[in-house]
Amino acid sequence: MDLTYTEEEEAFRAGLREWLSLVLPKLPAKPSPQDWPGRRAYDTAWQRLLYDAGYAEVHWDASPTQRLIFLEETENAGAPYVGANFVGLLHAGPTIASEGTPAQRERWLPPVLRGDEVWCQGFSEPDAGSDLASLRTRAWRDGDHYVVSGSKIWTSHAEVADWCELLVRTTPVSEAVPKHRGITWLAMPMDAPGITVRPLRTLAGSTEFAEMFLDEVRVPVANRVGDENDGWRVTMVTLSYERGTAFAGEVVACRRVLGELAREARGSGRWDDSALRRRLGRLNAEFSALWRLTQWNVSEAQRTGGVPGAGGSVFKLRYSHARQELYDAAAEVLGAGALDLGQEWTLDRLSALSYTIAAGTSQIQQNIVAERILGLPKGR
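Residues numbered from 1 in each chain as written. Predicted model: local features only at pLDDT ≥ 70, side-chain atom pairs only at ≥ 80, totals over all residues. Heavy atoms only, no water.

Peer 1: Got a minute to help me understand the nonpolar core in this structure?
Peer 2: For soluble globular proteins, nonpolar side chains are generally found buried alongside one another. W19, W46, F70, F287 and L326 are the most contacted members of the largest nonpolar core, which has 38 residues in total. Elements with a contribution of two residues or more to this core: α1 (7-23), α2 (36-53), α3 (64-76), α7 (248-268), α8 (274-304) and α9 (311-334). The contacts of L326, once residues within four sequence positions are left out, are C254, V257, L258, L261, L283 and F287. Core analysis: the next-biggest nonpolar cluster, separate from the first, contains 26 residues, W60, F86, V112 and A128 among them. (Core = buried A, V, L, I, M, F, W, Y, C linked by side-chain atoms within 4.5 Å. Buried < 20%, exposed > 50% of the residue type's maximum accessible area, 1.4 Å probe, protein only. Helix = DSSP H or I, 4+ residues; strand = E, 2+ residues; numbered from the N terminus. Contact = heavy atoms within 4.5 Å.)

Structural data, given as structure tokens:
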């Protein structure tokens, strides 16, 4: 498979680099990680800058390769991460672009691209996280609306969101055979009556996740993406983006951190430890391979129509463990400083603990690889 870039793609890279060199020095300071309203304002302002410069649509309308170049260059330049725009830009937006009606695309995509609206993700439930098909948040038809009751947990960015990509059960578990066939994908306005959001504080002290309680919330039937009871298929599109390309920029960030770790180790004298040098060398090979795998996944998505395939699970499975190993190595380099919550690497290490759970646990990814790629039989 050809992993080289065309002249047009390299021209896109050069133009993006020039624009970033002009705009990044003018950005204000980032708000505190605990200030989510401030972070929303910062993140959406950055998205507006991208929109005005013509780079906002790179996540949807550009080729997968251009999208990869964009993520690589913005991360290398130290540009702001998508932050509060994560779900809208990398999950809900691509899903609506792929599966939504023309009216839905016209209504929801431009505000996300401009930074006008923020989305959250309402998938997991207290008893249905990894086993997402067991979700029980119920929706029943009442004329032109669904009436939704239930609860969600780990709802990303719920406290600052305008919309929620919500999975509901429109056929009871007892009647759906198999059970995933009774699920529907809805776009729920977060200002609708009956929604209660309770932020969850992470180990790092941030509140990017929340519990969400839904008490007979009315959602227009027009907000359904895909057919009723076809939400599982639509969700697989969402998750393919989440596992396939959404973490690409983070691989670049990890490679940058690895270089910083090596410099820190040389400066502190820890570089004399041959075991540490071997560990950092192995991680360098690991992330180089993950970057090549990312390029392969993007090339495959471009060949097959733009939606990442099951190869995204291979990437997510290995990346989540490699990231944890990277920040364990960072703790070794920092020594006693690894206990200081004021250290960026310390906070990143706490965050890395969630990566083998978020976006599908490692066990789920292993099942997908075994069944869909290796062709092994399903477990009983």
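Peer 1: When you look at unusual backbone geometry in this model, what are you seeing that I'm missing?
Peer 2: Most of the time, phi is negative for any residue but glycine, and the peptide bond is trans. Phi is positive for W154, close to 60 degrees, though the residue is something other than glycine. Here W154 lies in the loop between β3 (145-152) and β4 (163-169). Positive phi outside glycine occurs at N229, with the angle close to 70 degrees. Turning to its location among the elements, N229 is positioned in the loop between β8 (224-225) and α6 (231-244).

Peer 1: Just checking my understanding: could you explain the environment of D127 for this structure?
Peer 2: Note on placement: D127 falls in the loop between β1 (119-122) and β2 (138-142). Between the alpha carbons of D127 and K152 there is a distance of 9.5 Å; along the sequence they are 25 residues apart.

Peer 1: Quick question: what am I supposed to make of the packing of α1 against α3 here?
Peer 2: Two quantities define a packed helix pair, namely the angle between the axes and the distance from one axis to the other. At a minimum axis distance of 10 Å, the contact between α1 and α3 shows a crossing angle of 30 degrees. It follows from the interaxial angle that α1 and α3 lie roughly parallel. Considering the relative orientation of α1 and α3, their crossing is right-handed. Residues E9, F12, R13, L16, R17 and L20 of α1 form the contact with α3, whose participating residues are T65, Q66, I69, F70, E72, E73 and T74. Its residues placed into classes, the contact of α1 with α3 shows 5 nonpolar, 3 polar and 5 charged. (Axes fitted to C-alpha atoms, helices over the stretch in contact; angles between N-to-C directions. Parallel < 35°, antiparallel > 145°, perpendicular 65-115°, else oblique. Left-handed = near helix turned anticlockwise from the far one by under 90°. Nonpolar A, V, L, I, M, F, W, Y, C, P; charged D, E, K, R; others polar.)

Peer 1: Explanation requested: the environment of L280 in the structure shown.
Peer 2: With respect to the helices, strands and loops of the structure, L280 is situated in helix α8. Judged by relative accessible area, which is 5%, L280 ranks as buried. In this structure the C-alpha to C-alpha distance between L280 and L261, which are 19 residues apart in sequence, comes to 8.3 Å. Dropping the residues within four chain positions of it, L280 is found in contact with L258, L261, A262, W271 and A329.

Peer 1: When you look at empty space enclosed by the protein in this model, what are you seeing that I'm missing?
Peer 2: On inspection of all chains with the given rule, the structure shows 2 cavities of 30 Å³ or more. Taken as a whole, the largest cavity spans an internal volume of roughly 160 Å³. Together, 16 residues line the largest cavity, and L71, T74, P80, Y81 and V82 are the ones closest to its centre. Of all the secondary-structure elements, those providing two or more residues to the lining of the largest cavity are α2, α3 and α4 (86-99). Of all the elements, α3 adds the most residues to the lining of the largest cavity, at 4 residues. (1 Å grid on protein atoms, 1.4 Å probe; cavity = no way out; pocket = protein on both sides within 12 Å on 5 of 7 lines; lining within 4 Å. Points joined across faces, edges and corners; volume = space filled by probe spheres on them.)

Peer 1: Help me understand the packing of aromatic side chains, please; the structure alone is not making it clear to me.
Peer 2: Two aromatic rings, taken as a pair, are described by how far apart their centres are and by the angle between their planes. Applying the stated criterion across every chain, the model contains 8 aromatic pairs. Taken together, a centroid distance of 5.7 Å and an interplanar angle of 40 degrees make the contact between W19 and W46 tilted. Taken as a pair, W19 in helix α1 and W46 in helix α2 lie far apart in primary sequence, 27 residues in all. Here the two residues W19 and W46 agree in accessibility, since each one is buried. Ring geometry for W19 and Y55: centres 5.4 Å apart, planes at 50 degrees, overall tilted. You can see W19 sitting in helix α1 and its partner Y55 sitting in the loop between α2 and α3, a full 36 residues away along the chain. (Phe/Tyr/Trp six-rings, centres within 6.5 Å; stacked < 30°, edge-to-face > 60°.)

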